[in-house]
Structures are given as structure tokens and as C-alpha cells.
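Spelled out, the chains give:
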Amino acid sequence: MFGLKFNQTGKLIRFIIRRDRIRIIIWLLVLTTITLIIAPAYTELFPTEKERLVMAETVQNPAMIAMLGPVYGLDNYTIGVMFGSQMLLFTAIAVAVMNIFLVTRHTREDEENGRIEIIRSLPVGRLSNVTSTTIVAIGVNILLSLIIGIGLWALRIESMGIEGSLLYGAALGVTGIFFSTVTVFLVQLSENTRGTIGFSFFILGFAYLIRALGDVGNKTLSLFSPLGWIVRTQVYANNYWWPVILTAGVAFIIIAAAFYLNSIRDLEAGFIPARSGRKTASIFLKNPLGLGLRLQRTAIISWLVGIFVLGASYGSVLGDINSFIETNEMYRKLIIVGEGFSLTDQFITTIMSVIAIFSAIPSLLMLLKLKKEEKKNRAEQLLARSVSRNRLLASFLIIAIIMSFISLSLASVGMWSAEISVMEEPVSFITIFKAGIVYLPAIWIMIGLATLFLGVYSWATGLTWLYLVYSFFVVYLGKLLQLPQWMGKLSPFGNIPQLPVEDMNWAIILILTIIALFLIASGFAGYNRRDINVTKDSFYLSFLFKKNKN
Amino acid sequence: MTILKTTNLKKRFGNVIALNGVDLEVNRGEVYGFIGPNGAGKTTTIRILLGILQPDEGKATVFGKDAWQDAVEIHKKIAYVPGEVNLWPNLSGGEVIDFFVKLRGSNNKNHRKELIEKFDLDPSKKCRSYSKGNRQKVALVAAFAAEADLYILDEPSSGLDPLMEKAFQECVMDIKKAGKSIFLSSHILSEVEKLCDKVSIIRKGKIIEAGTLDELRHLTRTIIRLKTKEEIPALDEVKGVYDIKKTNNNTYTFQVDTDNIGDIVKYFSQSGILKLESTPPKLENLFMHHYKKNGGVS
Ligand SMILES: Nc1ncnc2c1ncn2[C@@H]1O[C@H](COP(=O)(O)OP(=O)(O)OP(=O)(O)O)[C@@H](O)[C@H]1O
Ligand SMILES: [Mg+2]
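Residues numbered from 1 in each chain as written. Chains lettered and ligands numbered in written order. Predicted model: local features only at pLDDT ≥ 70, side-chain atom pairs only at ≥ 80, totals over all residues. Heavy atoms only, no water.

### Observations concerning the sheet that holds strand β3 (residues 31-35) of chain B
Residue and element names in this part refer to chain B. In space, the six strands of this open sheet follow the order β6-β7-β8-β3-β9-β10, with mixed pairing throughout. Looking at strand neighbours, the two that pair on one side only are β6 (78-81) and β10 (206-212), the edges of this open sheet. Shown here is a sheet whose adjacent strand axes are inclined to one another by a mean of 15°, direction ignored. As paired strands, β6 and strand β7 (residues 150-154) are joined by four bridges and run parallel to one another. Directly across from Tyr80, in β7, lies its bridge partner Ile152. Across the sheet, helix α1 (residues 42-49) lies against β3, β6, β7, β8 (181-185) and β9 (198-203), angled at about 150° from β7, the strand it touches most. (Pairing = 2+ DSSP bridges. Helix = DSSP H or I, 4+ residues; strand = E, 2+ residues; numbered from the N terminus. Axes fitted to C-alpha atoms, helices over the stretch in contact; angles between N-to-C directions. Contact = heavy atoms within 4.5 Å.)

### Some details on the packing of helix α18 (residues 389-422) of chain A against helix α19 (residues 429-437) of chain A
Residues and elements named next belong to chain A. Following both chains from N to C, one finds α18 and α19 inclined at 145°, their axes separated by 9 Å at the closest point. Read as a crossing pair, α18 and α19 show a hand that is right-handed. Taken together, the residues of α19 that come into contact with α18 (itself represented by Phe405, Leu408, Ser409, Ser412, Val413, Met415, Trp416 and Glu419) are Phe429, Ile432, Phe433, Gly436 and Ile437. (Left-handed = near helix turned anticlockwise from the far one by under 90°.)

### A few points about the site of ligand 1
All names here are of chain B. Taken together, 14 residues form the shell around ligand 1, and within it Gly39, Lys42, Thr43, Thr44 and His187 come nearest. Contact distances for ligand 1 include 3.0 Å between an oxygen atom and a side-chain N or O atom of Asn38. Within the backbone of Ala40, an N or O atom sits 3.2 Å from an oxygen atom of ligand 1. Protein coverage of the free-state accessible area of ligand 1, which is 630 Å², stands at 66%. (Near = heavy atom within 4 Å. Polar contact = N/O pair within 3.5 Å; in protein donor to acceptor, adjacent residues only side chain to side chain. Areas by Shrake-Rupley, 256 points an atom, 1.4 Å probe, with all protein chains shown as cover.)

### Details of the nonpolar core
All names here are of chain A. Met67, Tyr314 and Phe493 are the most contacted members of the largest nonpolar core, which has 96 residues in total. Considering each element in turn, this core owes the most residues, 15 residues, to helix α16 (residues 343-375). Of the residues that make up this core, three or more belong to each of domain 1 (1-267) and domain 2 (283-550). Ignoring anything within four residues of it in the chain, the contact list for Phe493 reads Ala356, Ile357, Ala360, Tyr439, Ala442, Ile443, Met446, Leu468, Ser471 and Val475. (Core = buried A, V, L, I, M, F, W, Y, C linked by side-chain atoms within 4.5 Å. Buried < 20%, exposed > 50% of the residue type's maximum accessible area, 1.4 Å probe, protein only. Domains from an automatic or database assignment.)

### Quick look at empty space enclosed by the protein
Residue and element names in this part refer to chain A. Tallying each qualifying case throughout the model produces six cavities of 30 Å³ or more. In this structure, the largest cavity encloses a volume near 140 Å³. Elements with a minimum of two residues in the lining of the largest cavity: α6 (115-121) and α7 (128-154). Tallying contributions element by element places α6 first for the lining of the largest cavity, with three residues. (1 Å grid on protein atoms, 1.4 Å probe; cavity = no way out; pocket = protein on both sides within 12 Å on 5 of 7 lines; lining within 4 Å. Points joined across faces, edges and corners; volume = space filled by probe spheres on them.)

### Considering the pairing of strand β13 (residues 251-257) of chain B
All names here are of chain B. Every second residue of β13 is oriented toward a common face, the buried set being Tyr252, Phe254 and Val256 and the non-buried set Thr251, Thr253, Gln255 and Asp257. With seven bridges joining them, strand β11 (residues 221-228) and β13 adopt antiparallel strand pairing. Looking across to β13, one finds that Arg221 is bridged to Asp257. Looking at chain direction, strand β12 (residues 241-247) and β13 are connected through five bridges and run antiparallel. Across the sheet, the residue bridging to Tyr242 is Gln255, located in β13. Following β12, the chain reverses through three residues before pairing antiparallel with β13; Asn249 in that reversal takes a positive phi of roughly 30°.

### A few points about the confidence of the model for chain A
All names here are of chain A. Across chain A, pLDDT averages 87, with 90% of residues at or above 70. Low pLDDT, under 50, characterises residues 333-338; the stretch is placed with 11 contacts to residues that sit more than four places away or in other chains. Contacts of residues 535-550 to residues separated by more than four positions or lying in other chains number six contacts, the stretch itself having pLDDT below 50. (pLDDT = per-residue confidence, 0-100.)

### Digging into the domain arrangement of chain A
All names here are of chain A. Segmenting chain A into domains produces domain 1 (1-267) and domain 2 (283-550). Measuring from the centre of the C-alpha atoms in domain 1 to the corresponding centre in domain 2 gives 26 Å. Every contact between the two is made by 23 residues of domain 1 and, on the other side, 30 residues of domain 2. Together, the buried faces of domain 1 and domain 2 total about 2,300 Å²; carbon and sulfur atoms form 73% of this surface. Three residues stand out in domain 1 for area buried against domain 2, namely Glu57, Met67 and Arg194, and they jointly supply 25% of the buried area on that side. Seen at the junction of domain 1 and domain 2, the total is zero residue pairs in polar contact (both at pLDDT 80 or more). Residues belonging to the side of domain 1 that touches domain 2 are distributed by class as follows: 16 nonpolar, five polar and two charged. (Buried area = accessible area lost by both parts, 1.4 Å probe. Nonpolar A, V, L, I, M, F, W, Y, C, P; charged D, E, K, R; others polar.)

### A closer look at the packing of α18(A) against helix α23 (residues 506-529) of chain A
Residues and elements named next belong to chain A. Direction vectors running N to C along α18 and α23 enclose 140°, while the axes themselves pass 9 Å from each other. Relative to α23, the element α18 lies oblique. Judged by the sense of rotation from one axis to the other, the crossing of α18 with α23 is right-handed. For the pair formed by α18 and α23, the contact residues are Arg389, Asn390, Leu392, Leu393, Ala394 and Leu397 on the first element and Ile520, Gly523, Phe524, Tyr527, Asn528 and Arg529 on the second. (Parallel < 35°, antiparallel > 145°, perpendicular 65-115°, else oblique.)

### Quick word on the pattern of salt bridges
Considering all chains together, one arrives at 26 salt bridges over all chains under this definition. Between B:Glu95 and A:Arg18 there is a salt bridge whose closest N-O contact spans 2.3 Å. In this pair, B:Glu95 is assigned in helix α3 (residues 93-104) and A:Arg18 in helix α1 (residues 9-45), connecting two distinct chains. Connected via shared salt-bridge partners are A:Arg19, A:Asp110 and A:Arg115. (Salt bridge = Lys/Arg side-chain N within 4 Å of Asp/Glu carboxyl O.)

### Considering the interface of chain A and chain B
Interface size, as often reported, equals the accessible area lost upon joining of the parts. On the side of chain B, 31 residues touch chain A, which itself brings 32 residues to the contact. A buried area of about 2,900 Å², summed over both sides, lies between chain A and chain B, and 59% of it is on carbon and sulfur atoms. The interface formed by chain A and chain B contains four salt bridges. Among the salt bridges present, the one from B:Arg47 reaches A:Glu117, with a minimum N-O distance of 3.0 Å. Viewed at the interface, chain B and chain A are joined by 17 residue pairs in polar contact (both at pLDDT 80 or more). Those elements giving two or more residues to the side of chain A that touches chain B turn out to be α1, α6 and α12 (242-264) of chain A. Broken down by element, the side of chain A that touches chain B gets its largest block of residues, six residues, from α6(A).

This is the structure:
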């Protein structure tokens, strides 16, 4: 009887690979390429011991530790140690994100869309789909571990030996496996795809946050986070394997629990039931703006809470910076005396650029919701009911713009409210608020870009996300990797004056705002002209067709 | 031989009672119609039969096996078509059909080809670009290509054009000839009348009528159109006659209770029949009779 629960798992595995081979290859390729490009870059950037020692001093900064994890191997700060301590956590998060999407796509998303129903009406076991998805995810992660591990070793960088390289790969892979099992577990709880992805990202974010708080303050706290374990591998220095084994063990327990829940639940149900709706529409639900708000109510609230917490957590780190300076005489000389502004100010500017990039996410999500509405044929129902296209697009745009303002403000409030309780001489609210709100035009450019894609090539909206990821890389990691300045200037976030360290530059703000307006206007023009609900295929077709006519 | 049996099935979703004691029995070789208003519990019943929902109370057995416990065994001999078919957007219809056939284990290429032609399906198109009806056809081809003993069809012809509906009905007839059983939920009453031997009507999660079509017809009235030589005396006092409409020169339209039809014919034939037309009771009349009272659950 037990065996039948897994009936036909093999065929389903092949089916998943058949559907996702391109997607999987792209993920593997991107993650591997980035890793294998960055590692040699370190050898060029820090060829001598002296340069590495300067870097060693820089990373012993609480902001850096909160971001990247604890510093280790300082007595022999090799290229390998630098690479391992600075790249592992971020790459692991990217791997986790890949797994969350991969697993959700084949479990809750297929189930919510009624595709599992037909499969389950065939002689396929109750656990076959979730098992095959898990096996594919584990396989992809193991493959990733090996490719990255062997690839790093094959670079022949002196301080990057075979054991460290394989451990680096394994740490990434096991983080991926961990978050794939977490996602499989959450699939059993949430009835829909959005909920599953939301929960999973919440867990990922939470794991990151307690690790950040723990690494800067109370170290035990970090041990409650799988990401806290992973950064304790001390790759290329001590090469501890216990975090990998621990993570794999916990992942096994989670997956066992998930399988049990899956085997006793109804198809298309979740253990956290969805609430039932109202009988009649509330007074707000009478125009597309109201609809946009109603559809995303939960998402809006969760994001605002999340951003507030993000600000507050970094605010609480500010207190640790003070004690850090008190204990580290040399560091104080290096930073404060040397550059003429306080460490807290510098911390605020660094953190604000990251918070601003995060704050762009809800705005973009809210705007791009319109694309989903279109894809599911719901936008046409609105447009068929005397709602003009301008009005429809404008409604979602307004939500996005208001969100950008509220997000940045809340992040500042969060940071300030945590900071006043831990600092002896707290930074004034207005300083923090200015440092955050100055990023508004950068978010507007992202919104403008999304509007442009939405209006002209709706299938290309994904490029906005890519640009945001690029911005994150150059703005944050750019400093660390000492990327050329022009790369930072290619992102709107890299052009914003970094208050309070830099002076306000109204000209740049104005220029960025004008560019944003221009993008938005072009988006509107396109949206009024194009067909609603064109798939990629038919877009290409119409393109060919037009060409032939000429 | 009983192929499918449910006893006292109950299922709630939160505080919605979807099924409130459903009893069904389908025998080998029967085409069994399952009708009821929206939200009555048809799909829920079918999903319990497929072992993808667990009943809160009661028992569902297929081929004598427990629908939840032995789902995999049962499904080897079942073919299912859902009411709303969703497929993987980036696979072609042909790929999906093959995948379903492969999961079943059987492989009859000829039959597949025949069915694709019959339903006029382009199997090379991506599912993303199929219309609703075409997606339905993919599921129908996959189901009919299977060598099953029981076909469970949940509103299978919703979205099909009349031509395809005919093709679908032919397929059902073929299966019936081969001695297989079919459990068909449908809103198209003419289809049910044409195809089914037995019918159950479900409302608010309870079976309110069940039986052969003939038995059910007994519950309704036949419509008689009549022209006589002489006026029929005191027709409205005859037992079992309703809704009399008389036009000039002795033309009558009225309804009669099927049980009293013999006596009534005897009675009015005394007046000399010139023309007689009778319309057999339609399932629709019965349906309306039951539906109108309270409608569905929600
Ligand atoms: N997953 C679910 N969660 C909550 N309620 C549900 C769920 N599935 C069905 N219901 C409710 O159970 C009742 C029966 O639904 P069911 O889908 O079985 O009806 P149906 O007879 O198939 O209707 P239709 O003719 O519209 O297809 C309805 O009131 C429905 O709202
Ligand atoms: Mg139904």
C-alpha cells in the first residue's frame, strides 16, 4: 500500500525535467557564471597582502557583518576567505529563491490551476507529484553544488583548494534543498500560489534577519537560522562541514512532515483555509482603483509590515555600532578621523540604498499585477465595462506610486523608532527620513520602466526585475568588489545623492523624475495602442506579419 | 454487478455543506446521468469518487474498492474528464495526450489518431493557444483513448460546438456498446436523455430523485394536443388532467398524469378523435419542477 502512494514518480520526474529543462539550465548557468566570474575578479582586485588587509578592516563593520555574515580567517585573510565570506550568503539566497519558484511551480501552482486533478485521476500515487518535485529540486541542487564546487577548484586560485570549493558548492546546494523542503511544507498549508510564495519568502527573509541580528549582537540567535548555519562553514579557512549536515538533517525532517500532511489532505485544499469573501462589494470596490487595492490588500499590508521590520532591524544594529567603535580603537581612527563623518551616518547611507531597492519591490508588484489580470483574461472584463485603458493603467500606477512613498517613509520610521531606543545620541528622525525619501525618484524610474514594458511589450516586464537585481549588485556589492563607477551610474539608485554623507543635489533629482515621467508617458501611449492579451507567440507572429507587408 | 457505490456521503468545506448524505449505485454497462443545479455537489461527489477528496462521513467504493485508500488501483481502470480542463501552457496538445496515456500504462496509437481526427484537434498546437473547447477535446481524446471500465465525465461537453457534441455522444455510444460503464454529470438535459439509462438528481447535497428515465418520466406529465369531432364534456373534472387550454373548433391542449393516461384516453376518445399529438414528458419538466423550488446551495 505504501508503495502505491509513490506510483509513477519516475514518469513525473521526467515530465518535470521535460517542462523545465531550459529554466533549470538558465538558473544553473547564471549562478555558476556569476560565481566563476567574481572569484577571479578578487585576485585582480586584491593581488597583494596589503590590499587584503585594508579590506579585512573594512568588512569588520557591523553593517557589513549584518549584510554578509560574520568575518572569519582574519589572521590569514586570503582571496579564498574573502570570496567565501563575502559571496556565500548572497549566492545562497539566490539559490533559495530559485528553489522556492521551482517547487511552487510544480506543486501548488499546478494544483491551483487544476492540472494535478487530471494527473491524480490517473493511476498516480497521492505523493507522486510532491515526491518527483522534491527529487528534481534535490537533483538540481546537487548538480549546482558539484558544478560550482568543481568549477571554483578548477580556477586554480591559490587559496581555493578542493575541499573549500566543494564545501562552498555544498553549502549553496544544501541551502537550496532546505528551502525547497520548506516550500513543499508551506504548499501543504497555503491554498494558493501567492500564499505559498509569500510564506516562503517570509521564512527566507526571517532567516536572514535573525541571522543578521545574531551575527551583530547575540551570536546564539544566529543558530536559529539555517542561513546562520551556512555562514558558519568558514569556507576556505576552517572548512566546517557540520552546517551542511545539520541543514540536510533538518531539511529531511521538514520534508517528512510535508509528505505526511500531503498524504492526508484533500486536493486543492490547504491546512490554513482561505477566508470567505463578503456577500456584496464594499464602498471602496466601485472602480479599478478600489479593485486594485482590494485584490492586493493582504500583499500591501504584509509588505508594509515587512519593510517596517527591515528598517527597524537595521535601526537596532545602529546601537551595536557605537559599542563596536568603543571597543575597536583602530577602526575608529580609520573611519571617523580619516573621512570626516560619523560611522552611523555612513551606515545609514549604505543601508538606505539597500532598503530603497527593497522598497521598489512592492511598488513593482502592485503595478505588474495588472499584467496578471490581463493574462488571466480579467482585464478584458474591466475594459469591456466602460473602463478606459488610461483609467485602468492609472489606477494600478497610482497604487504603485503611493506605495513607494509609504514604503520609504515606513522604513525610515522603523529605523528611527528602533534607533532611538538603542542609541545614546540618536540620529534625528529628519536625517533618517531625508536619507530614505531621497530615493523616491529612483523607485519612480523603476515604476516608469515597468509601465513602459506593460504598455509596449507586456511579456518583457521581467526585465524590470532584472534591472532591479542589477541595481542591487552594483549599488551594494559594487563597493565591495570595487566595480567601476559607471556601472553604478547605470542604475537610478546609483545616482541618488547619499544623504547625509553627500550633499543634496536637486538637479539630479529633477532629471531622474523627468526620466520617470517620460517612461510613464510612453507606457501609457503604448497601452492605448496595443492589443490586450497578446501572448508572446502571437506578438512574434504579428511582428513577422507587419514585416512582410512592407 | 455494482461498479460504483456511495453510501451516505457527507462533505463540508468550512461552513458550506457540500454533500449531505449522497447515495448512488451504478451497475456495469450503465450510462448513469448525474444532474443538479449549480453548486449542488456534483463535482464534489465525483472528486470523492476519484479519491482526491476525503468524505467526512460515509463511504465511496469503486469496483468494490475504497475510493480514497485504493485510488491508484481503481484509477487503472478509470478515465476521467473534468468540467474545466487546464493544461500546461508550454506543452502541445499531443504531448499532453501522450503523457496522460503513458501515465495510464496503456498505449493504443491507432485509437488516439482516430479520436484526434474525430474531434478535429490540432495536436501540435501549444496548450496556451487552445480555446476552452479545444482544451476540453484534449482531455476527451486522452480519456477515450484509454481502455477503461468506468468513464467519469464531469460536464464533458461544456464548451463543445454542436458538431463536436455529436462526436462526443458517438464516443459515449461506442463505449456503451462495448459494455463499459459511464458516470456522466451534465447540465445538458437533452444529452442526458439521449445517452443515459439511469439518472440521479442532486440538490443541496442530497439525491432527490433516482431511477431509470422511464421511472422518472412517470413523475411528470404528458402533454396532449387533441382535436375532436364533438366537444369533450366536463374535461376539467376528469382525474389527472391539468392546464386545459381550449381553442375554437374543439382543439385542446392539456397535461395528463402519466399514471392516469389510460382512463383519460378512454374518456376523450368517446368524443371522436380527429387529430392526436402527445409529447412525452421531458426531463426538463422534472428538472424545472425540482430546481425551481429552492435552487442550489449557493
Ligand atoms: N474547495 C472548496 N471550498 C469551499 N467550498 C467548496 C469547495 N468546493 C466546492 N465547494 C462548495 O460546495 C458546493 C458544491 O460544489 P460542487 O462544485 O460540487 O457543485 P456542482 O454541482 O459541481 O456545481 P456546478 O454545476 O456549478 O459545477 C458549492 O456550494 C461549492 O461552493
Ligand atoms: Mg461542477
